[in-house]
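Read off the chains here:
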Amino acid sequence: AQNGSVRKSRPNILVTGTPGTGKTTTSSALAKTTQLRHIIVKDLVKEKNLHDGWDDQLDCYLINEGLVCDELEDLMEEGGNIIDYHGCDFFPERWFDQVVVLQTDNTVLFDRLSRRGYTGSKLSNNIECEIFQVLLQEAKESYPEDIVVALKSDTIEEITRNVASLTDWVGSWHRAT
Ligand code: ADP
Ligand code: MN
């Protein structure tokens, strides 16, 4: 279909935040309650080779942002997606109806990432990223302020509460006319 002629019937949500803040846990729970499609960008990049090789320094794939956006375009136009990624400045602004930035107390996050096996600069870079609210900043610079919401994600109770309120939001979402 031509651009603009397709109307989504379900919203697209971006769930972002520093690694370890609970994006994947929150998104998969939300996908269950809403039947939205959960897309873990990190996994998609690996599966479909949407990268320019492995970065030894950063210990991750060098994501090819253009390839990722091309891969997702049709699905995003269709609507009904939860995009799960620890970055947000390269997706088209028009894709999202809600941008969720998860935030975690840095001592809690330190323990979570240590448990995940992060050490050294990989660990400290991510803790700094959280302390300086890099993802919230990036989200506010990339999307209209009224669709960006920061949610605390320190405890399981907070995940439950966040999923419940996002589920309500999805349920009452109607496309703009
Ligand atoms: P991300 O996708 O942002 O990297 P994950 O959802 O993979 O984060 O969560 C990382 C780890 O932290 C998992 O073991 C998860 O169970 C735990 N976790 C995440 N968010 C919370 C939370 N709000 N309360 C308790 N544990 C959490
Ligand atoms: Mn994840």
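Please read these numbers as outputs of a predicted model, since none were measured by experiment.

**Some points on the pattern of salt bridges**
Oppositely charged side chains may form a pair once their charged atoms are brought near each other.
Right, on to step 1. Scanning the model with the defined rule gives 7 salt bridges in all.
Right, on to step 2. With a shortest N-O distance of 3.1 Å, Glu 78 and Arg 37 are connected by a salt bridge. Of this pair, Glu 78 sits in helix 3 (residues 65-78) while Arg 37 sits in strand 2 (residues 37-40); the two residues are 41 residues apart in sequence, bridging distant segments of the chain.
Right, on to step 3. Its relative accessible area of 31% is what places Arg 37 among the partly exposed residues.

**As for the environment of Thr 160**
Right, on to step 1. By the secondary structure assignment, Thr 160 is in helix 7 (residues 156-171).
Right, on to step 2. In the structure, Thr 160 is positioned 63 residues away from Asp 97 in sequence and 21 Å away in space, judged by C-alpha atoms.

**Observations regarding the pairing of strand 3 (residues 51-55)**
Right, on to step 1. Summarising the sheet, strand 3 and strand 4 (residues 60-63) pair through 3 bridges and their orientation is antiparallel. Counted as the bridge partner of His 51 is Ile 63 from strand 4.

**Looking at the site of ligand 1**
Right, on to step 1. The local shell around ligand 1 holds 15 residues, among which Gly 20, Lys 23, Thr 25, Arg 116 and Thr 155 are the closest.
Right, on to step 2. With respect to ligand 1, the side chain of Arg 116 contributes an N or O atom lying 2.8 Å from an oxygen atom.
Right, on to step 3. The contact in question runs from a nitrogen atom of ligand 1 to an N or O atom on the backbone of Thr 155, over 2.9 Å.
Right, on to step 4. For ligand 1, whose unbound accessible area comes to 560 Å², protein coverage reaches 74%.
Right, on to step 5. When contributions to the shell around ligand 1 are tallied by element, the ones reaching two or more residues are helix 1 (23-34) and helix 7.

How each quantity is defined
Residues numbered from 1 in each chain as written. Chains lettered and ligands numbered in written order. Predicted model: local features only at pLDDT ≥ 70, side-chain atom pairs only at ≥ 80, totals over all residues. Heavy atoms only, no water. Salt bridge = Lys/Arg side-chain N within 4 Å of Asp/Glu carboxyl O. Helix = DSSP H or I, 4+ residues; strand = E, 2+ residues; numbered from the N terminus. Buried < 20%, exposed > 50% of the residue type's maximum accessible area, 1.4 Å probe, protein only. Pairing = 2+ DSSP bridges. Near = heavy atom within 4 Å. Polar contact = N/O pair within 3.5 Å; in protein donor to acceptor, adjacent residues only side chain to side chain. Areas by Shrake-Rupley, 256 points an atom, 1.4 Å probe, with all protein chains shown as cover.

By themselves, these observations are geometric and do not establish any function.
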